[in-house]
Amino acid sequence: AVEDELAESHYLKPHWARETTQTPVRIGDVHEPVVALVDHGIEINLMSMDFYRKGKCLINTKHWWKIRAATHATEELYGACPNLRVKIGDVEIDQQFFVHETSSHMVILREPYITAARMEMKVLDNGLTYAWVKSQDEHNFV
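Residues numbered from 1 in each chain as written. Predicted model: local features only at pLDDT ≥ 70, side-chain atom pairs only at ≥ 80, totals over all residues. Heavy atoms only, no water.

What to know about the sheet that holds strand β8 (residues 107-109)
Note the following rule: Each pair of strands is called paired provided DSSP finds at least two bridges between the two strands. Comment: elements are numbered from the N terminus, with helices defined as DSSP H or I runs of at least four residues and strands as E runs of at least two. Lines fitted to the C-alpha atoms define the axes, with helices restricted to the stretch that makes contact. Angles between their N-to-C directions range from 0 to 180 degrees.
Strand order in this closed barrel of six strands is β1-β2-β8-β3-β7-β6, and the pairing throughout is mixed. Taking each pair of neighbouring strands and ignoring which way they run, the sheet shows an average axis angle of 45 degrees.

Shown next, in the form of structure tokens:
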């Protein structure tokens, strides 16, 4: 009974949540920028099938990669596009992307990009999020 009261009181309290970071990027040969979601904790960069069709990058479809959702459901990835140039401001970094047929966003930048760009993020008290990326030669910052 006490445990039920604690659990119930926890869920009745308001909790603060913030929006996930998004940023305009240019990828590969696609000329118009697209808004990419920046998502920590996952090991691969993703692009939607629609975005893949716009860019028509080289793709390897002979693989056995799958993605597992939080519900433990698995889905196969369509293929992998290696060495795509990701440009945010003046910072350009080559990355590999996996094409996901049911992606919720056109592009999702994840840990490989965050690490390669040495992305630093700061959340202010008012909930605004700032992110900085550095070029590998450290001459360009955004």
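Structure's up, so let's keep going.
Some remarks on the state of the cysteines
Note the cut-off: Whenever a pair of cysteine sulfur atoms sits within 2.5 Å, that pair is classed as a disulfide. Accessible area is worked out with a 1.4 Å probe on protein chains only. A residue is then buried under 20% of its type maximum, exposed over 50%, and partly exposed in between.
For the structure shown, the criterion picks out one disulfide. Covalent S-S linkage joins Cys57 and Cys81, the inter-sulfur distance amounting to 2.4 Å. Of the two residues, Cys57 sits in the loop between α2 (49-55) and β4 (66-68) while Cys81 sits in strand β6 (residues 79-88), which places them 24 residues apart along the sequence. Cys81 carries the same exposure label as Cys57, and that label is buried.

Focus on the nonpolar core
Defined as follows: To define a nonpolar core, start from buried Ala, Val, Leu, Ile, Met, Phe, Trp, Tyr and Cys residues and group those joined through side-chain atoms within 4.5 Å. In this description, contact between two residues means that some pair of their heavy atoms is separated by no more than 4.5 Å.
Core analysis: the largest hydrophobic core is formed by 27 residues, its most contacted members being Ile27, Phe97, Val107, Leu109 and Tyr113. Of all the secondary-structure elements, those providing two or more residues to this core are β1 (22-27), β2 (34-38), α2, β6, β7 (91-100), β8 and α3 (111-116). If we ignore the near neighbours within four places in the chain, the residues touching Val107 are Ile27, Val34, Val35, Ala36, Leu37, Leu46, Met47, Phe51 and Phe97. The next biggest cluster of nonpolar side chains, apart from the first, holds eight residues, and it includes Leu37, Ile44, Leu77 and Ala80.

Describing the packing of aromatic side chains
Note the cut-off: Centre distance within 6.5 Å is the pairing criterion for rings of Phe, Tyr and Trp, where only the six-membered ring of Trp is used; planes under 30 degrees apart are then read as stacked, over 60 as edge-to-face, and the remainder as tilted.
Summed over all chains, the structure comprises one aromatic pair. Residues Tyr52 and Tyr78 carry aromatic rings whose centres are separated by 6.0 Å and whose planes lie at 55 degrees to one another, so their mutual orientation is tilted. Of this pair, Tyr52 sits in helix α2 while Tyr78 sits in the loop between β5 (74-76) and β6, and the two are 26 residues apart along the sequence.

Things to note about the environment of Leu37
Along the chain, Leu37 turns up in strand β2. A C-alpha to C-alpha distance of 4.5 Å links Leu37 and Gln22, two positions 15 residues apart in sequence.

Points about the pattern of salt bridges
Formally: For salt bridges, the criterion is a side-chain nitrogen of Lys or Arg within 4 Å of an Asp or Glu carboxyl oxygen.
According to the stated counting rule, one finds seven salt bridges in the structure shown. With its nearest N and O atoms 2.7 Å apart, the salt bridge here joins Asp94 to Arg85. Taking the shortest distance from any N to any O, the salt bridge between Glu120 and Lys134 comes out at 3.7 Å. Here Glu120, found in strand β9 (residues 120-123), pairs with Lys134, found in the segment after β10 (129-132); they are 14 residues apart in sequence, far enough to count as distant. When its relative accessible area of 42% is taken as the criterion, Glu120 is described as partly exposed. Linked through salt bridges whose partners overlap, the residues forming this network are Arg85, Lys87, Glu92 and Asp94.

Worth remembering: the numbers are spatial, not functional.
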